[in-house]
Amino acid sequence: GAGRPGRSEVLPNGASAAAALRRWRQKTGPAPMEEDLPAPSRSSNLKSWRGNRWRLSEKSMPSCVATWHSWMKSMDSEQFFETVSQRPQLLPSYLEQAKEEGMAGPGNDVCVQTAEFVLKHLPVGCRRLVDLGCGDATLAAELQSRGASVKVTNVDAARLAPGVVVQNLGALPGDWSGRFEAAVLCRALWSLDPLKVLKEAHRVLEPSPRSRLVVVEPFRRWWRPKDHEDTCQQPQNQLIDALERAGFYIFKDQSVNIEGDPEGLPGKSFMKGVFQYVLASPKRDTRDATS
C-alpha cells in the first residue's frame, strides 16, 4: 500500500537470511553469520510490531527479530552460550533489532507488565532476585523506578548492560544453590532444553514455600499436545507441565493467561500477542489447606 516501505528498505538481506536459516535447521550448512541475518531498519514509516511479523505489503514479510528467534531457538542452552561467546557482537546486534521493532528497551509493554506482576508477588521483605535472561537489564530499571528495594542480579549470555553477569542459563554457578528468594524468566526460555533451564532456576532459589519464580512466555508457543505426534490429543499449556516437571508448584489462581483455547478465540492472530505470566514456588506450603 501507499506509504509503506518496500522490501529493499526493510529487509535488504531477508532472502539470504531465510536460506541460511533453512540450511542451519537442516544441518546442511554452517550457522548463519550476522551478515546473513536481517539488519535493523531505521525507516520512519515502519508500523508498530504485531505478533512476529511486519505487515509491509500484500505479502507478509518475516520480521528481523522473528528470523533471529527461529535461528536461536534451534540451539540448546550450551550451544547458544558457546555461539554468543564466540561471536560477541551477536546479542548486541539482536538487541538493537529488537529495540527497532519495539520488542525491547525502556517502556516495552511486556517488560512494564512483568515489573508490575513481579512487584505484586514478591515475597514480603525480599532482598535477592535474579533476572535470568535479563537482556539489557531493563526489568531491573523498571523495578527500581517503582521504588523496589530488592537487589537484582542480572544474568544473560552476554554483557548487554553494565553489571550483567555472563552465564549459561542451563548451567549456573554451583555455589548459587539456594541463593535467591525470587527469580524471573521473561521471554528467556528460547533453547531446545527449557526443562534444564527451569531446573537451574529451581536450584538457585531458596528451597522455601515463600520463594517465587515468575515466568513470562507467549501463550501460543506452549499450547500444543503433550505428544506432538498425536494430533487427536487435547492441546495443553506445556509450560505448566514443564514447570511441574522441574519441581515447581504453580499458583494457578494468581497466574495470568495460563488457560484457554486459542482455537476458540476470535481469530488465531489474537493469541500471538498474548503473554502468560506464571507464578510458581520451588516448594509447596503444606500448611495451606487450599493448595
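Rules behind the numbers
Residues numbered from 1 in each chain as written. Predicted model: local features only at pLDDT ≥ 70, side-chain atom pairs only at ≥ 80, totals over all residues. Heavy atoms only, no water. Phe/Tyr/Trp six-rings, centres within 6.5 Å; stacked < 30°, edge-to-face > 60°. Helix = DSSP H or I, 4+ residues; strand = E, 2+ residues; numbered from the N terminus. Buried < 20%, exposed > 50% of the residue type's maximum accessible area, 1.4 Å probe, protein only. Salt bridge = Lys/Arg side-chain N within 4 Å of Asp/Glu carboxyl O. Arc of directions from axis to C-beta. Contact = heavy atoms within 4.5 Å. Axes fitted to C-alpha atoms, helices over the stretch in contact; angles between N-to-C directions. Parallel < 35°, antiparallel > 145°, perpendicular 65-115°, else oblique. Left-handed = near helix turned anticlockwise from the far one by under 90°. Nonpolar A, V, L, I, M, F, W, Y, C, P; charged D, E, K, R; others polar. pLDDT = per-residue confidence, 0-100.

- Per an unreviewed UniProt entry, the protein chain goes by Ribosomal RNA-processing protein 8 and derives from Durusdinium trenchii.

Digging into the packing of aromatic side chains
So, point 1. According to the stated counting rule, one finds six aromatic pairs in the structure shown.
So, point 2. Measuring from ring centre to ring centre gives 5.8 Å for Phe 80 and Trp 190, while their planes differ by 70°; the resulting arrangement is edge-to-face. One end of the pair, Phe 80, is in helix α4 (residues 77-86); the other, Trp 190, is in the loop between β6 (182-186) and α8 (194-204), with 110 residues separating them in the sequence.
So, point 3. Residue Trp 190 is classed as buried on the basis of its relative accessible area, which comes to 15%.
So, point 4. Here Trp 176 and Phe 180 contribute two aromatic rings whose centre-to-centre distance is 5.6 Å and whose plane-to-plane angle is 80°, an arrangement assigned as edge-to-face. The residues Trp 176 and Phe 180 share a single accessibility class, namely buried.

Considering the pattern of salt bridges
So, point 1. Enumeration over the complete set of coordinates arrives at eight salt bridges.
So, point 2. Between Arg 210 and Glu 181 there is a salt bridge, with the nearest N and O atoms lying 3.0 Å from each other. Of this pair, Arg 210 sits in the loop between α8 and β7 (212-218) while Glu 181 sits in the loop between β5 (165-166) and β6, and the two are 29 residues apart along the sequence.
So, point 3. Here Glu 181 falls in the buried class, since its relative accessible area comes to 6%.
So, point 4. In this structure, Asp 241 engages Arg 245 in a salt bridge whose closest nitrogen and oxygen atoms are separated by 3.9 Å. With Asp 241 and Arg 245 both in helix α10 (residues 238-245), this residue pair falls four residues apart, about one helical turn.
So, point 5. According to the relative accessible area criterion, Arg 245 is exposed, its value standing at 55%.
So, point 6. It is possible to trace a salt-bridge network through shared partners that takes in Arg 128, Glu 181, Glu 206 and Arg 210.

Some remarks on α8
So, point 1. Along α8, the residues that are buried comprise Pro 194, Val 197, Leu 198, Glu 200, Ala 201 and Val 204. Seen end-on, α8 carries its buried residues on one side only, within an arc spanning 155°.
So, point 2. Against the buried residues of α8 lie α4, β3 (128-132), β6, β7, α9 (219-222) and α10.

Topic: the packing of α8 against α10
So, point 1. Contact pair α8 / α10: the axes reach a minimum separation of 9 Å and the direction vectors enclose 50°. Here α8 is positioned oblique relative to α10, judged by the angle of their axes. For the pair α8 and α10, the crossing hand works out as right-handed. Here Leu 195, Leu 198 and Lys 199 of α8 lie close against α10, whose contacting residues are Ala 242, Leu 243 and Arg 245.
So, point 2. When grouped by side-chain class, the residues that make up the contact of α8 with α10 number four nonpolar, no polar and two charged.

What to know about the confidence of the model for the protein chain
So, point 1. In the predicted model, the protein chain carries a mean pLDDT of 78, and the fraction of residues at 70 or more is 68%.
So, point 2. Here residues 1-14 is a poorly scored stretch, pLDDT under 50, and it has 27 contacts once near neighbours within four places are set aside; other chains count.
So, point 3. Contacts from residues 265-271, a stretch scored under 50 in pLDDT, to residues over four places away or in other chains number seven contacts.

A closer look at the environment of Leu 139
So, point 1. Positionally, Leu 139 belongs in helix α7 (residues 138-145).
So, point 2. Using a relative accessible area of 6% as the deciding quantity, one classes Leu 139 as buried.
So, point 3. A sequence separation of 25 residues divides Leu 139 from Thr 114, and the C-alpha atoms of the two residues are 7.7 Å apart.

Observations concerning the side chain of Ser 77
So, point 1. Take Ser 77: it is sitting in helix α4.
So, point 2. We classify Ser 77 as buried; its relative accessible area is 5%.
So, point 3. Apart from residues no more than four positions distant in its own chain, Ser 77 is found in contact with Asn 168, Gly 170, Ser 191, Asp 193, Lys 196 and Val 197.

Digging into unusual backbone geometry
So, point 1. The phi dihedral of Ala 137 is positive, around 65°, even though this residue is not glycine.
So, point 2. Mapped onto the fold, Ala 137 is located in the loop between β3 and α7.
So, point 3. Given the relative accessible area of 11%, Ala 137 is considered buried.
So, point 4. Residue Arg 187 is not a glycine yet carries a positive backbone phi of 55°.
So, point 5. Checked against the element boundaries, Arg 187 lands in the loop between β6 and α8.

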